[in-house]
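Chain by chain, the residues run as shown.
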Amino acid sequence: MSEDKGILFEQKLKNLDALIELGVNPYGARFEVGGSIASVKNNFADGMKVTIAGRIMAYRGHGKSIFFDIKDSTEKMQAYIQNKTVGEEQFAVFSNIEIGDIIGLTGETFTTRMGEPTIKVESFTLLSKSLQPLPEKWHGLKDVETRYRQRYVDLIVNDDVRNTFKLRSKIIQSIRSFFIDKGFLEVETPMMHHIPGGATARPFATYHNALGIPLFLRIAPELFLKRLLVGGFERVFELNRNFRNEGISRRHNPEFTMLEVYQAYADYEVMMELTENLFVSLAQEVWGSTKHVMSDGVEIDLTLPWKRISLKDAVVEACGIDFTTVADPVKAAIDAKLPVKHDMTRDEILCEAFEELVEPKLYNPTFVVHFPSSVSPLAKSLDSDPNVTARFELIVRGQELANAYSELNDPLEQRKRLQKQLESAEDSKQLDEDFIRALEYGMPPAGGLGIGIDRLVMLLTDSDSIRDVILFPQLKPELS
RNA sequence: GCGCCGUUAGCUCAGUCGGUAGAGCAGUUGACUCUUAAUCAAACGGUCGGGGGUUCGAAUCCCUCACGGCGCACCA
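Since we're looking at a predicted model, the values are computed, not measured. (Residues numbered from 1 in each chain as written. Chains lettered and ligands numbered in written order. Predicted model: local features only at pLDDT ≥ 70, side-chain atom pairs only at ≥ 80, totals over all residues. Heavy atoms only, no water.)

## As for helix α10 (residues 311-319)
Applied cut-off: Working definition: with a 1.4 Å probe on protein chains only, accessible area under 20% of the residue-type maximum means buried, over 50% means exposed, and in between means partly exposed. We count a stretch as a helix when DSSP gives it H or I for four or more residues in a row; a strand needs E for two or more, and each element gets its number in order from the N terminus. Think of it as the arc spanned by the lines of direction from the helix axis to the C-beta atoms. Residue contacts are counted whenever heavy atoms from the two residues lie within 4.5 Å of one another.
Within the span of α10, buried status applies to Leu 311, Ala 314 and Val 315. Burial along α10 is one-sided: seen end-on, the buried residues are contained in an arc of 95°. Among the structural elements, β14 (307-310), α12 (346-358) and β15 (366-369) are those in contact with the buried residues of α10. Of the residues flanking the end of α10, it is Gly 320, one or two places downstream, whose phi is positive at about 75°.

Right, dumping it as C-alpha cells:
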C-alpha cells in the first residue's frame, strides 16, 4: 500500500474483490448500446425492450429488489432489478454494485405505481467499477476549487455545468457555420511565433531544442491572417487559442479562445453588421430571443440596431471633459479623480477615462468607435481625422467582447506605427519584418474582427466567471 | 504583486465565552419486492489546510506558509 486513499477507497476495493470473486470482470469492454436514455424516455411506452448504459447515481434497496437511478450523457432514469427476474446469482452480483459504477443493462419498460417510467432489468453488465466516492446526492459538489480541479466530478454531478459546456460547443459550432455559410475559409496559423505580434500582451516563452531558437506562444493570430489576405484568401477566420502571460481573474484565463475574422474589400462598418448579425443569431439560438433577463435581474437587449458612439463623445458624456482639446489633460484627469500618471499622453488619458468611467456602465451592446491612432497601430486612420482610427470595440455587460477595425494596408505607414510602438515598449521587442514585406506585396483593404469567445459564452450562458465556461481553467498545482 | 474573506469526516454543513469535535448524505453490517432525498436498526468514519507561538488547555487567539474566492494591479 503505497498511499493512503482513505477508508472509503479501501471499502470499495473490497467490493471490487468481491465482484472478482464472483467471476465478474469489473472493467468491461465494448457494449452495444441500444439508444440514449433521453430517447427511451421521449418515446416511452410500457413493454419496450431497451438496452442502455450509464452511471448509477442513486440506489434504493428493498431486500429482494432494488430501485436505482442510471444516468448517461443525455438524462437520468430509474431502473428496477428483482432477484426473481435476474436470478439469485446475478442479484448477488448486483448487490456488490454501487453508486458511481458504470453498467450496461437490458430490460423492459414499465411504469411504477407512482407513475415513474422505469426499466425492469433482465440482464446487466458491469462496465466500470468506481473506486472514488461521489459527492452527496442532494447538495452535490459545491466547492469551487474541487469543481475546477476535478471537473470530471463536477460534470458527473452538476447537470447545469454539463449543460453550460454543451451550450458552449453548440455556440462554437454555430459560429463556424455562420462564417462558412458566408463564404469564409477556416484556417489554422502558427501558435508558436518567432516574434509575438498582433497585440501588446506579454507572451509565454519557450524554446525549440532542434532549431536552437526561442519561440513564443501566440498572443494573437492577426499578423498571419493578414498574410493570408495578401496571399489572396479574401474571407478567412480562425477560431482557436491565444496565450497571454498575464494575471488571472474572473475575466482572464492565460489561454483563451479567440475568433478572428478578415474580409477583403470590407471595412469596420461591415464588421459591425457582421457582429450584430452573429450575436443576434446566437441569441435566437440560445435564448430564443434577442432579450434575456440575466441572473442579476437585469435584462440584456441585443435587439438591432445597437448604439454607436465615438470614444471621445462617450467620455465627454460621462465626465464632461473633452480630453482631446482640454488644455492640461493630466490636471483635468486628476481633478476628475482618474488614476493617471504624469507621463501619460492625451490619448492614453482618454482611454483611461473610457475604461474607468464608461466601459463598466455599458450594459447593453454598444459600439464604441474611433479609438486614437496612437493606441491602434494596426488600424487604418480616418481620412477625415488622422488622429483616430476606423475601429470599434463592442461593449456588453461592462466588458469588451469584440474589437475590430479597417485594417491598415499601407506598408510604409505600418512600419512607422510599429516602430513607434517599439520605442515605447519596455522589453526588447522586434519588428516583424516579414509582415511588413507581405504588406509591401499589397494587401487588399479589409475589415478585421476579433471576438473573445469565452466572454461571449459567459454572456450567452449567464456565467459570472470565465472559469465556468472553460473546462479546465488554469489553477496553481495542488501539491501540498 | 497588494487587500479582504475562506479552508472542520468522501460530500454538504454546524461547532456558543478558549475546556479537548457533531449532524445529514455516502460507505459498512443487518431487516425489507413499487421505492424515488426510500425507511428502520447498529457499528464505523477527523493531521479541524500545513508549520510555529500564546495558554494548565487551541477548530476557536496570534504569527507564518499553502491553496481557493472576490477586488485591485497587470492586460490595446
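## Notes on helix α14 (residues 433-441)
Among all positions in α14, only Phe 435, Ile 436, Ala 438 and Leu 439 are buried. The arc that holds every buried residue of α14, seen down its axis, measures 155°, which confines them to one face.

## Some details on the packing of helix α7 (residues 159-181) against helix α15 (residues 453-461)
Put simply, the rule reads: Note on geometry: axes are C-alpha line fits, over the in-contact stretch for helices, and angles between N-to-C directions span 0 to 180 degrees. Throughout this description, any angle smaller than 35 degrees is read as roughly parallel, any larger than 145 degrees as roughly antiparallel, any in the 65 to 115 degree range as roughly perpendicular, and the remainder as oblique. By definition, turning the near helix anticlockwise from the far helix through less than a right angle yields a left-handed crossing, and turning it clockwise yields a right-handed one. We call Asp, Glu, Lys and Arg charged. Ala, Val, Leu, Ile, Met, Phe, Trp, Tyr, Cys and Pro are nonpolar, and the rest, Gly among them, are polar.
Across the interface, α7 lies against α15 with an axial gap of 10 Å and an inter-helix angle of 120°. Considered as vectors, α7 and α15 are oriented oblique to each other. Here the hand of the crossing between α7 and α15 comes out right-handed. From α7, Thr 164, Leu 167, Arg 168, Ile 171, Ile 172 and Ile 175 reach across to α15, where they touch Ile 453, Asp 454, Leu 456, Val 457, Leu 460 and Thr 461. The residue inventory of the contact of α7 with α15, partitioned by class, reads eight nonpolar, two polar and two charged.

## Here we look at the pairing of β15
Within a regular strand, side chains alternate between the sheet's two faces. We apply this condition: At least two DSSP bridges between two strands are required for those strands to pair.
The side-chain alternation of β15 yields two buried faces, one formed by Thr 366 and Val 368 and the other by Phe 367 and Val 369. With four bridges connecting them, β14 and β15 associate as parallel partners. Directly across from Ser 310, in β15, lies its bridge partner Val 369. When β15 meets strand β16 (residues 391-396), the two strands line up antiparallel, connected through four bridges. Among the inter-strand pairings, Thr 366 is bridged to a residue of β16, identified as Ile 395.

## Observations concerning the side chain of Thr 189
Spelled out, the test is: Pairing of N or O atoms within 3.5 Å defines a polar contact, subject to two protein rules: one partner must be a possible hydrogen donor and the other a possible acceptor, and residues neighboring in sequence count only if both atoms are side-chain atoms.
Looking at the secondary structure, you find Thr 189 in the loop between β6 (185-186) and β7 (192-193). Here the side chain of Thr 189 touches Glu 238 through a polar contact of 2.6 Å, side chain to side chain. Setting aside anything within four residues of it in sequence, one finds Thr 189 in contact with Arg 218, Pro 221, Phe 224, Leu 225, Leu 228 and Glu 238.

## Section: the environment of Lys 64
Examined against the element boundaries, Lys 64 turns out to sit in the loop between β1 (49-61) and β2 (65-71). Residues Lys 64 and Asn 83, 19 residues apart in the sequence, show an inter-C-alpha distance of 5.7 Å. Sequence-distant contacts of Lys 64, defined by excluding residues within four places in its chain, comprise Ile 81, Gln 82, Asn 83 and Phe 91.

## Some remarks on the domain arrangement of chain A
Much of the literature gives interface size as the accessible area that the parts lose upon coming together. Stated formally: Domain boundaries shown here were taken from an automatic or database domain assignment. Accessible area that two parts lose when put together, evaluated with a 1.4 Å probe and summed over both, is termed the buried area. Only one rule defines a salt bridge in this text: a Lys or Arg side-chain nitrogen within 4 Å of an Asp or Glu carboxyl oxygen.
What the domain assignment reports for chain A is domain 1 (3-134) and domain 2 (157-306 + 364-468). On a C-alpha basis, the centres of domain 1 and domain 2 stand 47 Å from each other. Counting residues at the interface gives four residues for domain 1 and four residues for domain 2. Between domain 1 and domain 2 the total buried area reaches about 330 Å² when both faces are included, carbon and sulfur atoms providing 38% of it. Between domain 1 and domain 2 we count one salt bridge in total. The partner of Asp 159 in a salt bridge is Lys 71, and the shortest N-O contact between them spans 2.8 Å. In this assembly, domain 1 and domain 2 are joined by three residue pairs in polar contact (both at pLDDT 80 or more). In terms of residue class, the side of domain 1 that touches domain 2 is built from no nonpolar, two polar and two charged.

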